[in-house]
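# Analysis of the macromolecular model
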Amino acid sequence: MNILVIGQGGREHAIAWKLSQSKKASKIFVSPGNGGTELESDCTNVEIDTNDFSSIKNFVEHNAIEVVIVGPEDPLVNGIKDYLSESNVLVFGPDKKGARLEGSKIFSKKFLFENNIPTGDASFFSSSEDAIKYLKNSIFPIVLKADGLAAGKGVLVAKKFDEAKNWVNEVMNNLKFGDAGSNIVIEECLFGTELSYMGILTPDSFIPFETSLDYKPLLDGNKGPNTGGMGCIAPSPLINESLKKNIFEMVVKPTINGLRNIGVNYFGFMYFGLMIKNDIPKVLEFNCRLGDPETQCLMMQMKSDLLDIILQALERGEPKITWNKGANLGVVIASAGYPNNYQRNKLIKLSRFDGVKLFHAGTKIVEGKLITNGGRVFSLNASSKTIKSCKEAVYTNIKNVYFEDMIFRKDIGEVYES
Ligand code: AMP
Ligand code: GLY
């Protein structure tokens, strides 16, 4: 079976790597992919942008692609599934209607309220004057969110009024995120420990993956600005039977029913971003895709054949996923400046690794040389019995990766509460 994976991050490297272990997989193409997918012997990069739907359609039709697996959110929100509906290909990911759960924070908040799914209180604004007036009478910290997609940068947890007011001006008046910030959500700040709860959603069921904990802030001690994620552990130390039951009853079940009520036939990955306090989940966000760097941990932990699981789900089956025992931990290695303007085109030197897997994100190969090409450059992952032994393996091997001014957190594996 020929497969096309769309995307270029560490998540897509991990998905392609995992698919390459499937007996059912013949050719695996990644568009556009990265240096890591180019180096995987079973994968081939195809130089097509993730939002160039007509070139993707053309490639699918001329290369006997049977399944397209979409990694990032923007092609899904922009309707890649709808676009490919007339091609003879299975697309794993929701259609445009389903992807609104991630594509519009206002839509997803309303969905949460309408379906009585626990989440923070929120108000919606389309005028900066009204937003600022509201902030004057608010309790801080408070959370501000651009309605549309903003490449993972559209959320601010504001500690003070001035910070919030500046953000409103930048986003709503100066259109820092373009139209994505014409409307905003101002939301109650939730406290606890975050949990990434991912899996496969079909119209009838949710097939959960192992849980994970993402380290969003840039700096050790969970300090500094939020990023796409600087590291991850799986499973999350928070998880227990009572929490699993609460997540199913309070979040998953009403989501499945709510989507059915609005006529969405969802087939794809689903990522519930949750805040947990005393085993009670509250939803921070829905993502219609897998997380990055969580996927790198999860693909290493998954024992089952990912392709098989996806094919069964696409036929409305309820595949049982088996997981390796023990834990996985990944540390993201990023370019200086990330998550703001970061350096590129730095020469990368890799030495031999022992007992770890290096997933690439922002890398590319130019004239035979591996160079940096993004904010997050690698995720170095280890599977072992415990988080502690994973941590030792990763931090011992990290010296085998070098590029100028590389940055990484030294405390992945610690658990923090906000
Ligand atoms: P989102 O894209 O909505 O998940 O927001 C990105 C990150 O912002 C989350 O993973 C949290 O770390 C933080 N965040 C979002 N909403 C809230 C909230 N209501 N309270 C506290 N933190 C939040
Ligand atoms: N690591 C968080 C995300 O992928 O949204």
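As shown above, the structure is provided for reference.
Now for a look at the structure at hand. Predicted, not measured: the structure shown is a model, and the values here were computed from it.

Quick look at the sheet that holds strand E20 (residues 357-360) now. Spatial strand order, E12-E15-E18-E23-E20: five strands in an open sheet with antiparallel pairing. The sheet terminates laterally at strand E12 (213-214) and E20, the two strands that pair on one side only. Sheet topology places strand E18 (residues 327-334) next to strand E23 (residues 376-384); eight bridges connect them, and they run antiparallel. Residue Leu329 lies in a different strand from E23, and its bridge partner there is Ala382.

Moving on, we get to the layout of surface pockets. Looking at the second largest pocket, its volume works out to about 390 Å³. Lining the second largest pocket we find 16 residues, and of these Ile207, Pro208, Phe209, Lys320 and Trp323 sit closest to its centre. Those elements giving two or more residues to the lining of the second largest pocket turn out to be strand E11 (206-208) and helix H10 (241-261). Counting residues per element, the lining of the second largest pocket draws most heavily on E11, which supplies three residues. A per-class count over the lining of the second largest pocket returns 10 nonpolar, two polar and four charged.

Moving on to the site of ligand 1. The environment of ligand 1 is made up of 13 residues, and the closest members are Glu187, Leu190, Glu194, Lys216 and Glu285. At 2.9 Å, a side-chain N or O of Lys145 approaches an oxygen atom of ligand 1. Interatomic distance of 2.4 Å between a side-chain N/O atom of Glu194 and an oxygen atom of ligand 1. Against a free-state accessible area of 470 Å², the protein chains account for coverage of 91% of ligand 1. In terms of residue class, the shell around ligand 1 is made up of five nonpolar, one polar and seven charged.

Turning next to helix H8 (residues 128-136). All of the buried residues in H8 are Ser128, Ala131, Ile132 and Leu135. Taken down its axis, H8 places every buried residue within 95° of arc, on the same side. For H8, the exposed residues lying more than 90 degrees away from the buried face are Glu129, Lys133 and Lys136. Elements in contact with the buried residues of H8: strand E6 (122-125), strand E7 (142-146), helix H9 (161-173) and strand E9 (184-188).

Let's shift gears to unusual backbone geometry. Of the consecutive residues Asp292 and Pro293, the connecting peptide bond is found in the cis state with omega at 25°. In this structure, the amide linkage connecting Tyr338 to the following residue, Pro339, adopts the cis form with an omega of 15°. Relative to the helices and strands, Pro339 is located in the loop between E18 and strand E19 (349-350). For Ala151, which is not glycine, the phi torsion reads 50° and is therefore positive. Relative to the helices and strands, Ala151 resides in the loop between E7 and strand E8 (155-158). Classification of Ala151 by relative accessible area gives exposed; the value is 67%. For Asn222, which is not glycine, the phi dihedral falls at a positive 55°.

Calculation rules
Residues numbered from 1 in each chain as written. Chains lettered and ligands numbered in written order. Predicted model: local features only at pLDDT ≥ 70, side-chain atom pairs only at ≥ 80, totals over all residues. Heavy atoms only, no water. Pairing = 2+ DSSP bridges. Helix = DSSP H or I, 4+ residues; strand = E, 2+ residues; numbered from the N terminus. 1 Å grid on protein atoms, 1.4 Å probe; cavity = no way out; pocket = protein on both sides within 12 Å on 5 of 7 lines; lining within 4 Å. Points joined across faces, edges and corners; volume = space filled by probe spheres on them. Nonpolar A, V, L, I, M, F, W, Y, C, P; charged D, E, K, R; others polar. Near = heavy atom within 4 Å. Polar contact = N/O pair within 3.5 Å; in protein donor to acceptor, adjacent residues only side chain to side chain. Areas by Shrake-Rupley, 256 points an atom, 1.4 Å probe, with all protein chains shown as cover. Buried < 20%, exposed > 50% of the residue type's maximum accessible area, 1.4 Å probe, protein only. Arc of directions from axis to C-beta. Contact = heavy atoms within 4.5 Å.

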